[in-house]
Structures are given as C-alpha cells and as structure tokens.
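As a plain string of letters, each chain reads:
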Amino acid sequence: MADRQPDEWDIAHGGLRSLSSREIKAFWDGYLARRSDPRIRHGSLYSRWRHVSDDLVVSLYLTNRSVGLFVRGQRGESYATTVNRLAAFEPGLGRALGVSLRGNYNLCYLSNHPVAMVDPANWPAAYAWLERQEEHFSKTLTDVVVGA
C-alpha cells in the first residue's frame, strides 16, 4: 500500500476504522431528515437510491473515507447494459455531470467527496456536498435522458 494512494474502496486496508452500523444508520437518518424527498429509498446498509425514472437511479453511498454517488439502472440491470444505454447521450451527459461515463470502477458517472466519515463533525459538509451533487445529477439526468 505504501507505493500508491489509498482510495475509498480500500476500507479494509486503510488507517481509518470501519463505520459501525449504528453510525451508518445515523448518517442516513440525518441525510434523509435534511432531504425529506420520497424519491430517496433504502438501497443497502451503505447506500440510498434516488429514483430519477423507472430505469434510472442515482445511487448515493457512504464509506469510512468518503461519500459519493453514481448512476445505475433498475435493480438487476448489468453495468454493461446501463453503459450501453447511457452512451447514447455522450459526450454531453458526461460533460454536464462533470464526470466520465466509465471510470476506474464498473460504475457509471462515479463522483466522490473524500472525507473521514468516522468523524461526525465532518457530516454536515458531507451532507451539503452529497445534496448538491444529488440534485445536480437528478436534474441533469431528467433533462438529458428522461426528457429525450
């Protein structure tokens, strides 16, 4: 690990401890109270999903090192299927979102905000960043993809 920078997917290998399920629940409860948007639903322990349409979701996630989001299709849709569908809107959609369709991971339009989430003092800034990005992604996807 010394020869490269850790990233948010290195949870088990990094210097930060893991988040407890209680901390994760508290973070998402705080975010949902702030947002009070019925389009945001439970995804998994670490994620919440903002439905843009029946087949388009902004997936919000939390790790011990960051908060972030990416775009995915409906439950069960493969990454390749989602990429192929969204590629029809390139390069404009990627420019509008500020991230590329394909990145280092099999996630469409991955955007993250590195911050130590094990410290609740960092949560307000993480909430603000995630909310701005969530709104930006949702509006852009609605305008470009859903409205097409």
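That block above? That's the structure.
Quick caveat: nothing in here was measured; it's all calculated off a predicted structure.

It is worth spelling out the pattern of salt bridges at this point. Counted under the stated rule, the structure contains 14 salt bridges. With a shortest N-O distance of 2.6 Å, Asp 29 and Lys 25 are connected by a salt bridge. With a gap of four residues between them, Asp 29 and Lys 25 both fall in helix H1 (residues 21-35), about one helical turn apart. Overall, Asp 29 belongs to the partly exposed group, its relative accessible area being 38%.

The subject of this paragraph is unusual backbone geometry. Following Glu 90, the chain continues into Pro 91 via a peptide bond in cis, with omega recorded as 5 degrees. Counting through the fold element by element, Pro 91 comes out in the loop between helix H2 (79-86) and helix H3 (92-97). Of note, the phi angle at Ser 36 is positive, near 40 degrees, even though the residue is not glycine. Mapping Ser 36 onto the fold places it in the loop between H1 and strand E1 (40-44). Using a relative accessible area of 60% as the deciding quantity, one classes Ser 36 as exposed. With a phi close to 55 degrees, Tyr 109 is a non-glycine residue in the positive phi region. Judged by relative accessible area, which is 0%, Tyr 109 ranks as buried.

All right, on to the sheet that holds strand E5 (residues 108-114) then. Strand order in the open sheet formed by five strands is E1-E2-E3-E4-E5, and the pairing between neighbours is antiparallel. If you trace the sheet from one side to the other, it starts and ends with E1 and E5, each paired once. With direction set aside, neighbouring strand axes in the sheet form an average angle of 25 degrees. Note: strand E3 (residues 56-62) against strand E4 (residues 66-72), six bridges, orientation antiparallel.

What counts, and at which threshold
Residues numbered from 1 in each chain as written. Predicted model: local features only at pLDDT ≥ 70, side-chain atom pairs only at ≥ 80, totals over all residues. Heavy atoms only, no water. Salt bridge = Lys/Arg side-chain N within 4 Å of Asp/Glu carboxyl O. Helix = DSSP H or I, 4+ residues; strand = E, 2+ residues; numbered from the N terminus. Buried < 20%, exposed > 50% of the residue type's maximum accessible area, 1.4 Å probe, protein only. Pairing = 2+ DSSP bridges. Axes fitted to C-alpha atoms, helices over the stretch in contact; angles between N-to-C directions.

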